[in-house]
Amino acid sequence: MNKTKYTLVIVAALAVTGVFARPHHGGFNRGFCRGPHPVRHHHSHSSWGKGGRNFWPGFVGGVVGGIVSRKIVTPAPTVVVSTPTVVTTPTIVTPTVVTPTVVTPTVVATPVTTTQQVWVEGCYIDQLQPNGTYIKVWQPGHYETRTITVQ
């Protein structure tokens with residue numbers, strides 16, 4: 001099919017969809033208004049009909065028209081058969097290079113131990129009395145000898 005035929009099919013599908021999708025309460029069926037307008041009462045129903053019964057034919061027509069037009073307009077896939085080509089690549093041989101291995105000796109550090117005099121501040125401590133009560137007693141500051149190990 002050429003482009004003119006595609007266009008005709010699409011226009012026909014849209015026309016059929018428009019015929020089925022039109023509302024029945026108003027629009028095309030009402031006709032021309034002549035003379036004074038009568039008093040209109042508010043209607044709670046839809047222009048698509050009870051339960052949308054006038055909507056579904058147009059909806060289905062649109063879906064079917066879309067599927068049909070897509071099948072007609074979309075061209076079939078083109079299959080291309082190609083002949084294989086043989087490509088030869090040269091093989092390059094590189095000589096192996098041996099790198100020397102360097103061994104570093106491990107150094108074992110011996111810990112160094114020193115002693116140091118450290119001042120400890122005075123503080124209050126809780127002391128238990130024979131009757132079961134605690135009292136706070138001042139413990140004065142003093143020097144302590146501490147051992148420090150450095151690696």
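What this report covers is the structure whose coordinates are included nearby. It should be emphasised that the depicted structure is a prediction, and the values quoted were computed from it without experimental measurement.

1. So, the overall build of the protein
Looking only at helices and strands, the protein features 2 helices and 4 strands. Residues counted as buried form 6% of the 151 residues belonging to the protein. Taking contacts inside the protein between residues at least 6 apart in sequence as the whole, the part at least 24 apart equals 55%. Entry remark: accessible area of the protein is about 14200 Å², with carbon and sulfur atoms responsible for 64%.

2. Describing the environment of A109
Tracing the sequence through the fold places A109 in the loop between α2 (56-73) and β1 (112-120). According to the relative accessible area criterion, A109 is exposed, its value standing at 52%. C-alpha separation for the pair A109 and Q151, spaced 42 residues apart in sequence, amounts to 6.4 Å.

3. Details of the pairing of strand β3 (residues 134-139)
Note: strand β2 (residues 123-128) against β3, 6 bridges, orientation antiparallel. Paired with L128 across the two strands is Y134, which belongs to β3. If you look at the hairpin formed by β2 and β3, you'll find 5 residues sitting between the two strands, and G132 has a positive phi there, around 95°.

4. Examining the packing of aromatic side chains
Across all of its chains, the model carries 3 aromatic pairs by this definition. On the basis of an interplanar angle of 70° and a centroid distance of 5.1 Å, the ring pair of Y124 and W138 is categorised as edge-to-face. Note that Y124 is positioned in strand β2 and W138 in strand β3, a separation of 14 residues in sequence.

5. A word on α2
When the terminal C-alpha atoms of α2 are compared, their 25 Å separation across 18 residues agrees well with the 26 Å that a helix rising 1.5 Å per residue should span. Taken as a whole, α2 has its buried residues at G58, G61, G65 and S69. Down the axis of α2, the sector holding all buried residues measures 60°, keeping them to one side. Along α2, the residues that are exposed and aim more than 90 degrees away from the buried face are R70 and K71.

6. Here's the deal with the pattern of salt bridges
Per the stated rule, a full pass over the model turns up 2 salt bridges. A salt bridge links K136 to D126; its shortest N-O distance comes to 3.1 Å. One end of the pair, K136, is in strand β3; the other, D126, is in strand β2, and 10 residues separate them in sequence. A residue is classified by how much of its surface remains accessible, and K136, at 60% relative accessible area, is exposed. Linking E144 and R146 is a salt bridge whose minimum nitrogen-to-oxygen distance equals 3.5 Å. Taking the relative accessible area as the measure of exposure, E144 reaches 28% and is therefore partly exposed.

7. Focus: the environment of I10
Secondary-structure assignment places I10 in helix α1 (residues 3-21). Residue class for I10 comes out partly exposed when judged on its relative accessible area of 33%.

Cut-offs applied
- Note on numbering: residues in each chain are counted from 1, in written sequence order.
- Under the rules for a predicted model, residues below a pLDDT of 70 receive no local features and side-chain atom pairs below 80 are neither given nor counted, while totals for whole chains, interfaces and linings still include all residues.
- The side-chain quantities take in all heavy atoms of the structure and omit both hydrogens and water.
- Numbered from the N terminus, helices here are DSSP runs of H or I no shorter than four residues, and strands are runs of E no shorter than two.
- Each residue is placed in one exposure class: buried if its accessible area under a 1.4 Å probe, protein chains only, is under 20% of its type's maximum, exposed if it is over 50%, and partly exposed if it falls in between.
- The contact definition used throughout considers only heavy atoms, calling two residues in contact when any of these lie within 4.5 Å.
- For the accessible areas, the method is Shrake-Rupley and the probe is 1.4 Å, while residue cover comes only from the protein chains on display.
- A pair of strands counts as paired when DSSP detects no fewer than two bridges linking them.
- Any two of the Phe, Tyr and Trp rings considered here, Trp counted by its six-membered ring, make a pair once their centres fall within 6.5 Å; the pair's planes then place it as stacked at under 30 degrees, edge-to-face at over 60, or tilted in between.
- A helix is expected to reach a length of 1.5 Å times the quantity of its residues less one.
- The arc in question is the one spanned by the directions pointing from the helix axis to the C-beta atoms.
- Each salt bridge in this description consists of a side-chain nitrogen of Lys or Arg and a carboxyl oxygen of Asp or Glu lying within 4 Å of one another.

What is shown is where atoms sit, not what they do.
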